[in-house]
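One-letter residues, chain by chain:
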Amino acid sequence: MELFDSLKQKISGKNKVIVFPEGNDIRIIGAASRLSHDGLVKPILLGDPDEINKLASEKGFDLTGIKITNPADAPEAEKKELQDALVERRKGKNTPEQVAEMLKDPNYWGTMLVYLDQADGMVSGAVHATGDTVRPALQIIKTKPGTKRIIGAFIMQKDEERYVFADCGININPDEEGLAEIAVESAKLAKLFDIDPKIALLSFSTKGSAKDDVVTKVANATKLAQEKAPDLPIDGELQFDAAFVPEVGERKAPGSKVAGHANVFIFPNLEAGNIAYKIAQRLGGFEAYGPILQGLNKPVSDLSRGANEQDVYQIAIITVIQSLANESK
Ligand SMILES: CC(C)(COP(=O)(O)OP(=O)(O)OC[C@H]1O[C@@H](n2cnc3c(N)ncnc32)[C@H](O)[C@@H]1OP(=O)(O)O)[C@@H](O)C(=O)NCCC(=O)NCCS
Ligand SMILES: CC(=O)OP(=O)(O)O
């Protein structure tokens, strides 16, 4: 079954509430309309209702079943509830005056709805850059117990081919420990998308063919990841061809359980990961679903500003899947 058909089946009728802070964007309005119509999500759009209704009617989008909230115009009691809870959450870090300013940003408002269980997840980032989208979640929702850092991974899909790329969204220059955590957590994400993970930590070197501190970082991270998850097939450092092409893998890394067959690709830093996913998407014709943020207590999804309506629709579905996965733990 096609990936999204199977995901839709899993979330259909679950009535999960997803908040979209960028409610005035036509891509968001179109996606929310379809999600509501298809019975997949109960959307909350944040923004000016007049503007949202006008844009929707121009494009013929039905807003039945969609709640619209204008934070700028919200009842005082609602504002106070969010403000008091945020002051408490940011105790010692932000003053009440700073909190009042923060809540003028719809990403903070939306994140608070998730934190207070008034929404099951949030999707934003079609307009805002990644930092502005995820910072409220890092400060308020925070990482799950036992998880040090959130990770921004992509599911890359073309026809029958499906891979995980990480980190492509968040951690700019992870250290050895960080890279090992990215590898192990990305294997968990792979399983959620029916990928049997074979994890390659990528470099410009294969098994010591080049010497440099950045190569040593990947080799050491591989050892740490293998120690953290001895049952998983994890190998590195591998060049992409050694990780992906069976004949090259046999030549460059003989005896490896991963080389030539990898499907979870861990990049040494964010430069490599972000560039790689965009090349695979724009030159290679792969669909890029993400960045899927792993490790938060409740799901918040960032979009690329290059996203279209279909990307928003699909990321919202993935956000619900993450919410359901959290419940089953
Ligand atoms: C994610 C990112 C925005 C965080 O940076 P930042 O806001 O400067 O982070 P700060 O160091 O000020 O930390 C803010 C909070 O987030 C937390 N935090 C930062 N990075 C984190 C991570 N990877 N995982 C979990 N928490 C994190 C901090 O602990 C801090 O919490 P606190 O305020 O409760 O103490 C930053 O790493 C970044 O810009 N990454 C690249 C994003 C990007 O441009 N990607 C390319 C396009 S997808
Ligand atoms: C994921 C990503 O690269 O986001 P943007 O294109 O918005 O920077």
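Treat the numbers as computed from the prediction; the structure is a model and nothing was measured.

**A closer look at the UniProt feature "domain: Phosphate acetyl/butaryl transferase" (unreviewed entry) in the chain**
Link 1 in the chain: Feature annotation in UniProt places "domain: Phosphate acetyl/butaryl transferase" (unreviewed entry) on residues 4-320, given in this structure's numbering.
Link 2 in the chain: Measuring from the first to the last C-alpha atom of residues 4-320 gives 12 Å, for a span that is 45% helix and 17% strand.

**Quick notes on the site of ligand 2**
Link 1 in the chain: If you check the shell around ligand 2, you find Thr 130, Phe 154, Asn 274, Tyr 277, Lys 278, Pro 291, Ser 304 and Arg 305 and nothing else.
Link 2 in the chain: Between ligand 2 and Asn 274 there is a distance of 3.0 Å, counted from an oxygen atom to a side-chain nitrogen or oxygen.
Link 3 in the chain: One of the side-chain N or O atoms of Arg 305 is found 2.8 Å from an oxygen atom in ligand 2.
Link 4 in the chain: Among the elements that line the shell around ligand 2, the one with the most residues is helix α12 (residues 270-282), at 3 residues.
Link 5 in the chain: Across the shell around ligand 2, the residue classes break down as 3 nonpolar, 3 polar and 2 charged.

**What to know about the pattern of salt bridges**
Link 1 in the chain: Under the definition given, this model contains 17 salt bridges.
Link 2 in the chain: Here Asp 120 and Lys 16 are joined by a salt bridge, their closest N and O atoms 3.9 Å apart. Placement of Asp 120 in the loop between α6 (106-115) and β4 (121-124) and of Lys 16 in the loop between α1 (3-11) and β1 (17-20) is noted, with a sequence separation of 104 residues between them. A single burial state applies to Asp 120 and to Lys 16, both of which are buried.

**A closer look at the site of ligand 1**
Link 1 in the chain: Ligand 1 sits among 19 residues. The nearest are Arg 135, Lys 142, Ile 150, Gly 169 and Ile 170.
Link 2 in the chain: Here an oxygen atom of ligand 1 and a side-chain polar atom of Arg 90 are 2.9 Å apart.
Link 3 in the chain: A distance of 2.4 Å separates an oxygen atom of ligand 1 from a polar atom in the side chain of Arg 135.
Link 4 in the chain: When ligand 1 sits alone it has 940 Å² of accessible area, and the protein chains cover 62% of it.
Link 5 in the chain: Taken together, the elements giving at least two residues each to the shell around ligand 1 come down to α7 (130-141) and α12.
Link 6 in the chain: Taken together, the residues of the shell around ligand 1 sort by class into 6 nonpolar, 7 polar and 6 charged.

**Some points on the confidence of the model for the chain**
Link 1 in the chain: Taken as a whole, the chain shows an average pLDDT of 95; of its residues, 99% reach a score of 70 or greater.
Link 2 in the chain: ipTM for the predicted complex: 0.93, alongside a pTM of 0.90.

**So, the side chain of Thr 319**
Link 1 in the chain: In this fold, Thr 319 is placed in helix α13 (residues 309-327).
Link 2 in the chain: One polar contact links Thr 319 to Ser 301, side chain to side chain, over a distance of 2.8 Å.

**Comments concerning α12**
Link 1 in the chain: With 13 residues, α12 should cover 18 Å at 1.5 Å per step; its first-to-last C-alpha distance of 18 Å lies within 8% of that length.
Link 2 in the chain: All of the buried residues in α12 are Leu 270, Gly 273, Tyr 277, Ala 280 and Gln 281. Taken down its axis, α12 places every buried residue within 110° of arc, on the same side. Opposite the buried face of α12, at more than 90 degrees from it, the exposed residues are Glu 271 and Arg 282.
Link 3 in the chain: Against β5 (151-158), β6 (161-166) and β10 (287-294) lie the buried residues of α12.
Link 4 in the chain: One side-chain oxygen of the residue at the start of α12 lies 3.2 Å from the amide nitrogen of Glu 271, identifying that residue as Asn 269.

The rules behind each value
- Residues numbered from 1 in each chain as written.
- Chains lettered and ligands numbered in written order.
- Predicted model: local features only at pLDDT ≥ 70, side-chain atom pairs only at ≥ 80, totals over all residues.
- Heavy atoms only, no water.
- UniProt positions renumbered as here; feature names shortened; annotations may be inferred.
- Helix = DSSP H or I, 4+ residues; strand = E, 2+ residues; numbered from the N terminus.
- Near = heavy atom within 4 Å.
- Polar contact = N/O pair within 3.5 Å; in protein donor to acceptor, adjacent residues only side chain to side chain.
- Nonpolar A, V, L, I, M, F, W, Y, C, P; charged D, E, K, R; others polar.
- Salt bridge = Lys/Arg side-chain N within 4 Å of Asp/Glu carboxyl O.
- Buried < 20%, exposed > 50% of the residue type's maximum accessible area, 1.4 Å probe, protein only.
- Areas by Shrake-Rupley, 256 points an atom, 1.4 Å probe, with all protein chains shown as cover.
- pLDDT = per-residue confidence, 0-100.
- Expected span 1.5 Å × (residues − 1).
- Arc of directions from axis to C-beta.
- Contact = heavy atoms within 4.5 Å.

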